[in-house]
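Take a look at the letters that make up each chain.
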Amino acid sequence: MFVIITVLFAAVLLYLWLIAPSFIRRDISPFLSKPAAHRGAHGDGIPENSLRAFEAAVQNGYPIELDVRLSADGIPMVIHDDSLFRLCGDIRHVSELTAGELSNLFIGETEEKIPMLSQVLETVNGRVPLLIELKSGGNTAERAFEILKNYTGYYAVESFDPYCLYRYRRKDKNTPIGILARRSSGVGRAKERIFWILSGRVIFNFLCRPDFICYRISDSLPFSVKLASLLGASLIGWTAKDRAEYISAKFRFNGVICDNIYKIEKNNGSEFTDSL
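Note that the structure is a prediction, hence the values are computed from the model and not measured. (Residues numbered from 1 in each chain as written. Predicted model: local features only at pLDDT ≥ 70, side-chain atom pairs only at ≥ 80, totals over all residues. Heavy atoms only, no water.)

Draft legend 1. Examining the overall build of the protein more closely. A count of helical and extended segments in the protein gives 12 helices and nine strands. By the compact-globule yardstick of 19 Å for 276 residues, the protein fits well, its C-alpha radius of gyration being 19 Å. Taken over the C-alpha atoms alone, the protein extends approximately 70 × 45 × 40 Å along its principal axes. Taken across its 276 residues, the protein has 52% of its residues classed as buried. Accessible surface, the protein: about 13,100 Å² in total, of which carbon and sulfur atoms supply 57%. Once the 33 positive and 31 negative side-chain charges of the protein are each reduced to a mean point, those two points are 8 Å apart. (Helix = DSSP H or I, 4+ residues; strand = E, 2+ residues; numbered from the N terminus. Rg over C-alpha atoms; globule rule 2.2 N^0.38 Å. Buried < 20%, exposed > 50% of the residue type's maximum accessible area, 1.4 Å probe, protein only. Areas by Shrake-Rupley, 256 points an atom, 1.4 Å probe, with all protein chains shown as cover. Lys, Arg positive; Asp, Glu negative; His and termini not counted. Charge placed at Lys NZ, Arg CZ, Asp CG, Glu CD.)

Put into structure tokens, the structure is as follows:
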């Protein structure tokens with residue numbers, strides 16, 4: 001009986017060690033007081049992840065969520081998809097073109113072009129908080145850090161890739177970091193399914209000790225995520241697509257990322273705030 005109790009106690013301790021968030025309390029309150037604009041305040045002819053979308057978010061005082069991946073020459077570019085087809089009608093991938101080539105591509109039928117991370121930082125200039133998602137691949141963490149280290153505005157970094165966050169944390173001990181997670185879809189190769197099952201239960205927290213967990217709002221929260229929250233991790237939900245989803249998400253999450261927030265604000269005819 002003593003052996004069984006010892007084994008169970010050790011298993012519980014191991015489980016807690018795996019899912020525990022950061023033991024240091026870094027401030028992420030700027031993303032909890034107001035909804036964050038997913039890929040900027042896009043809509044009504046303003047394309048996602050564009051300088052115009054970011055300026056629109058700034059003018060409305062919203063925190064901005066954006067995506068970063070590397071060009072062929074290792075420059076952090078702000079674009080969500082690896083493929084250029086959806087946004088630019090180009091069959092090539094971001095990783096196949098240099099920063100100069102990417103910066104000359106128009107987004108959709110607009111005059112906006114794919115921006116570099118450095119251009120976004122210059123545009124925002126500390127006026128609103130930035131929530132920066134690092135896409136997996138290469139040395140994204142290190143390249144992004146080299147751009148961000150001299151930025152004086154408030155920002156946090158997040159990723160689906162715990163190893164990417166681990167690499168970023170090795171460079172930067174002060175910036176809040178967050179793990180992106182969702183429930184497994186049950187599709188894909190066995191290795192991918194196993195990863196999503198484990199990451200959806202934040203089992204990889206031990207690699208990066210996140211300050212917050214960013215979870216898909218359409219998914220039920222696993223016990224491990226709720227426990228990590230009790231241990232100190234803030235919860236941010238992604239992505240509310242309308243006001244009803246936002247209101248619902250506010251009951252489950254400390255903060256919410258909202259898609260097409262500029263259009264939602266206009267359709268409601270009033271400021272999109274937490275005063276509901």
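Draft legend 2. Seen up close, helix α8 (residues 190-200). Turning to α8, its buried residues are Trp 196, Ser 199 and Gly 200. Projection of α8 onto a plane perpendicular to its axis shows the buried side chains occupying an angular sector of 100°, all on one side. Residues of α8 that are buried sit in contact with β6 (177-181), β7 (212-216) and α10 (223-230). Immediately downstream of α8, the backbone of Val 202 shows phi near 50°, a positive value. (Arc of directions from axis to C-beta. Contact = heavy atoms within 4.5 Å.)

Draft legend 3. Structural view of the state of the cysteines. The final tally for this structure, using the stated rule, is zero disulfides. Just so you know, Cys 208 is unpaired, no disulfide at all, and the nearest cysteine sulfur is the one on Cys 164, 9.7 Å from it. Its sulfur unpaired, Cys 214 is 11 Å from the next cysteine sulfur, which belongs to Cys 258. (Disulfide = S-S within 2.5 Å.)

Draft legend 4. Main features of the pattern of salt bridges. Applying the stated criterion to the full structure yields 15 salt bridges. Measuring nitrogen to oxygen at the nearest pair gives 3.9 Å for the salt bridge that ties Lys 135 to Asp 67. Placement of the pair is Lys 135 in the loop between β4 (130-134) and α6 (140-148) and Asp 67 in strand β2 (residues 64-70), with a sequence separation of 68 residues. Side by side, Lys 135 and Asp 67 carry an identical accessibility label, which is buried. Its salt-bridge partner being Glu 142, residue Arg 167 comes within 2.8 Å of it at the nearest N-O pair. Pair noted here: Arg 167 is in helix α7 (residues 162-171) and Glu 142 is in helix α6, with a separation of 25 residues, a long-range link. Residue Glu 142 is classed as buried on the basis of its relative accessible area, which comes to 18%. (Salt bridge = Lys/Arg side-chain N within 4 Å of Asp/Glu carboxyl O.)

Draft legend 5. Up close: the packing of α6 against α7. It is at 9 Å that the axes of α6 and α7 come closest, and there the two elements cross at 40°. When the interaxial angle is binned, α6 and α7 end up oblique. Crossing handedness for the pair α6 and α7: right-handed. Only Cys 164, Arg 167, Tyr 168 and Lys 171 of α7 make contact with α6, whose side of the interface consists of Ala 141, Glu 142, Phe 145 and Leu 148. Taken together, the residues that form the contact of α6 with α7 break down as five nonpolar, no polar and three charged. (Axes fitted to C-alpha atoms, helices over the stretch in contact; angles between N-to-C directions. Parallel < 35°, antiparallel > 145°, perpendicular 65-115°, else oblique. Left-handed = near helix turned anticlockwise from the far one by under 90°. Nonpolar A, V, L, I, M, F, W, Y, C, P; charged D, E, K, R; others polar.)

Draft legend 6. Highlighting α10. Among all positions of α10, only Ser 224, Val 225, Leu 227 and Ala 228 are buried. For α10, the angular spread of buried residues about the axis comes to 160°, placing them on one side. Facing away from the buried side of α10 by more than 90 degrees, the exposed set consists of Phe 223 and Leu 230. Close packing links the buried residues of α10 with α1 (2-19), α8, α9 (205-208), β7 and β8 (234-240).

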